[in-house]
Amino acid sequence: MAEELEPLLGGEGFLDLWNMLPDNIHSIPEELPEWELNPLDPPTDPPGGVPVPPLPADPPPPVPPSPVVPSTEDYGGHHNFRLGFLEAGTAKSVTCTYSPELNKLYCRLAKPCPVQVRVGVPPPPGALLRAVAVYKKSEHVAEVVRRCPHHERCGGPGDGLAPAQHLIRVEGNPQARYHDDETTKRHSVAVPYEPPEVGSDCTTVLYNFMCNSSCMGGMNRRPILAILTLEGPGGQILGRRCFEVRVCACPGRDRKIEEENYRKRGGAKGGAKRALSPAAEAPESSKKRVLNPDPDIFCLQVRGRRRYEMLKEINEALEAAEGGAAPPRPVKGRRPRGEGLVPRCGKKLLLKGEPVDSD
């Protein structure tokens, strides 16, 4: 075979044919296409140029349904989710102050309230911080907390893209998303979780409360709770914290008054109840002293009719208290004519119809 090809390869005809081939035939690709290296794998882009549709991605985990009555129990979870507040005191000029004793936030209307978010273990990417308000008392917990008609209608510069009926707003974060639950109709606001900056151990979120606690048609003096939850990408709860909120005109004053009342009551759980003072010994009863009355009788001279009647009534009352029969009192009424009349200076009193004695 080689002897037959030798005349062809050695001749000038073969060189002429080789030189007629295109130039790119001399270069051998250093790297073969991926579909040629792995012929068993399905090609992503075959030589024909027709794209192959990508495989369907795994469906996201189902979002858990929202409970009709949200839980208000604190839950740190695996990530040790916690909240913190700045110390502002009880001065009248403060716009936001937090009471650790009462676990209660006092703030003014539409004023930013910084809430510090801390975690022990970073949550997965795509985690959210959600805030929702609920009524504290059981008779109102099923109702949706919303703004009063006056503030909802008037609005303000702080509304932005938030719906007018939402009570809780987030300030300074354009990524805030306001949500109305389809099942419970509750209002909530969610922001993406941001890790703390270098040198800090917390992330600060500014919340605004857009209606006073005393507004008629809104909260109407009913206490509310703010529930902050750390949620995963699929909506699962990773952590939960809860605190009471009062929106008022003077947060410092209201905090001071409520803390003083709390201390006077000895705490909400009654752990420091005031000791009851020992019952004072009752003085010896007057009945015991009159069980053995003095049998002696005394006479008392009294000047004046009015004074005599007063002392007489006192004596009768004492006689009745001792159990003795009080002398019968004269019945007030009209006396018969002439009864009890005494003539003056020995003169005889004449009655009507009686004959006159001439002597």
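Fair warning: this is a prediction, and the values are worked out from it, not measured in the lab.

The rules behind each value
- Residues numbered from 1 in each chain as written.
- Predicted model: local features only at pLDDT ≥ 70, side-chain atom pairs only at ≥ 80, totals over all residues.
- Heavy atoms only, no water.
- Pairing = 2+ DSSP bridges.
- Helix = DSSP H or I, 4+ residues; strand = E, 2+ residues; numbered from the N terminus.
- Axes fitted to C-alpha atoms, helices over the stretch in contact; angles between N-to-C directions.
- Salt bridge = Lys/Arg side-chain N within 4 Å of Asp/Glu carboxyl O.
- Buried < 20%, exposed > 50% of the residue type's maximum accessible area, 1.4 Å probe, protein only.
- Contact = heavy atoms within 4.5 Å.
- Patch = residues over 30% accessible without salt bridge, like charges linked within 9 Å, V, L, I, M, F, W, Y side chains within 5 Å.
- Areas by Shrake-Rupley, 256 points an atom, 1.4 Å probe, with all protein chains shown as cover.
- Phe/Tyr/Trp six-rings, centres within 6.5 Å; stacked < 30°, edge-to-face > 60°.
- Lys NZ or Arg CZ within 6 Å of the ring centre and 35° of its normal.
- Core = buried A, V, L, I, M, F, W, Y, C linked by side-chain atoms within 4.5 Å.
- Expected span 1.5 Å × (residues − 1).
- pLDDT = per-residue confidence, 0-100.
- Arc of directions from axis to C-beta.

(A) Representation of the sheet that holds strand 10 (residues 224–231) in the model. Spatial ordering of the open sheet is given by 2-3-11-10-5-8-7, a layout of seven strands whose pairing is mixed. Taken across any chain shown, the strands that pair with only one partner, and hence form the sheet edges, are strand 2 (96–99) and strand 7 (177–180). Mean inter-strand twist for the sheet, computed between neighbouring axes without regard to direction, equals 30 degrees. In terms of strand pairing, strand 2 meets strand 3 (residues 104–107) through four bridges, oriented antiparallel.

(B) Layout of the pattern of salt bridges. With the rule as written, the count across this model stands at 14 salt bridges. D201 is the partner of R118 in a salt bridge, and the nearest nitrogen-oxygen pair spans 3.3 Å. Taken together, the positions of R118 in strand 4 (residues 113–118) and D201 in the loop between strand 8 (187–192) and strand 9 (203–209) put the pair 83 residues apart, joining distant regions of the chain. One network of salt bridges, with partners in common, ties together E87, E101, R255, E259 and R263.

(C) Structural detail: the pairing of strand 3. Going residue by residue along strand 3, you find K104 and Y106 tucked away on one face and L105 and C107 tucked away on the opposite face as well. Connecting strand 2 to the next strand, strand 3, in antiparallel fashion are four residues, including N103 with a positive phi near 50 degrees. Direction of pairing for strand 3 relative to strand 11 (residues 237–247): parallel, over a ladder of four bridges. Bridge pairing in strand 11 places L105 opposite V245.

(D) Local environment of the side chain of H151. Here H151 shows up in helix 4 (residues 149–154). The class of H151 is buried, set by a relative accessible area of 16%. Not counting residues up to four positions away in its chain, the partners in contact with H151 are L109, M210, C211 and C215.

(E) Summary view of a nonpolar patch on the surface. Residues L300, L311, I314 and L318 make up a contiguous nonpolar surface patch of about 410 Å² in total accessible area. When you line up the elements, L311 lands in helix 7 (residues 305–321).

(F) Looking closely at the packing of aromatic side chains. Inspection of the entire model under this criterion finds two aromatic pairs. Here F85 and Y98 contribute two aromatic rings whose centre-to-centre distance is 4.2 Å and whose plane-to-plane angle is 15 degrees, an arrangement assigned as stacked. Here F85, found in strand 1 (residues 82–85), pairs with Y98, found in strand 2; they are 13 residues apart in sequence, far enough to count as distant. Pairwise contacts between aromatic rings join F85, Y98 and F243 into one cluster. The ring of Y135 is capped by R222, whose NZ or CZ atom sits 4.2 Å from the centre of that ring.

(G) Representation of the nonpolar core in the model. The biggest cluster of nonpolar side chains holds 38 residues, and the ones touching the most others in it are L105, Y207, F209 and V245. Ignoring any residue separated from it by four or fewer positions in sequence, one finds F209 in contact with L105, C107, R108, L109, A110, C113, L167, I168, V245 and V247.

(H) Representation of the environment of L238 within the structure. One can find L238 in strand 11. Note on L238: relative accessible area 14%, which makes it buried. Remark: the alpha-carbon pair of L238 and N80, spanning 158 residues in sequence, is separated by 9.0 Å. Setting aside residues up to four positions removed in sequence, L238 forms contacts with Y75, G76, G77, H78, H79, P123, P124, L230, E231 and G232.

(I) Up close: the sheet that holds strand 1. The strand order 1-4-9-6 describes an open sheet built from four strands, whose pairing is antiparallel. Both outer strands of the open sheet, strand 1 and strand 6 (168–170), are each paired with one neighbouring strand and no more. On average, each strand axis in the sheet is inclined to that of its neighbour by 40 degrees, with strand direction left out of account. In the sheet, strand 6 pairs with strand 9 via three bridges, with the strands oriented antiparallel. Of the residues in strand 9, the one forming a bridge with R169 is N208.

(J) Representation of helix 7 in the model. Taking 1.5 Å per residue as the helical rise, helix 7 with its 17 residues ought to reach 24 Å, and the 25 Å between its terminal C-alpha atoms agrees with that figure. Downstream of helix 7 by a residue or two, G323 has a phi angle that is positive, lying close to 90 degrees.

(K) How the structure looks around the confidence of the model for the protein chain. Confidence along the protein chain averages 79 in pLDDT terms, with 64% of residues attaining 70 or more. A low-confidence stretch, residues 270–282 stays under pLDDT 50, and its non-local contacts, those more than four residues away or across chains, total three contacts. Segment residues 286–290: pLDDT under 50, and three contacts once partners within four positions in sequence are set aside and those in other chains are kept.

(L) Layout of helix 5 (residues 251–264). For helix 5, spanning 14 residues, the distance from its first C-alpha to its last is 20 Å, which sits close to the expected 20 Å at 1.5 Å a residue. If you check which residues of helix 5 are buried, you get P251, G252, D254, R255, E259 and Y262. The buried residues of helix 5 all sit within an arc of 160 degrees when viewed along its axis, so they share a single face. Buried residues along helix 5 sit against strand 2, strand 3 and strand 11. Once helix 5 ends, the next one or two residues include G266, with phi positive near 80 degrees.

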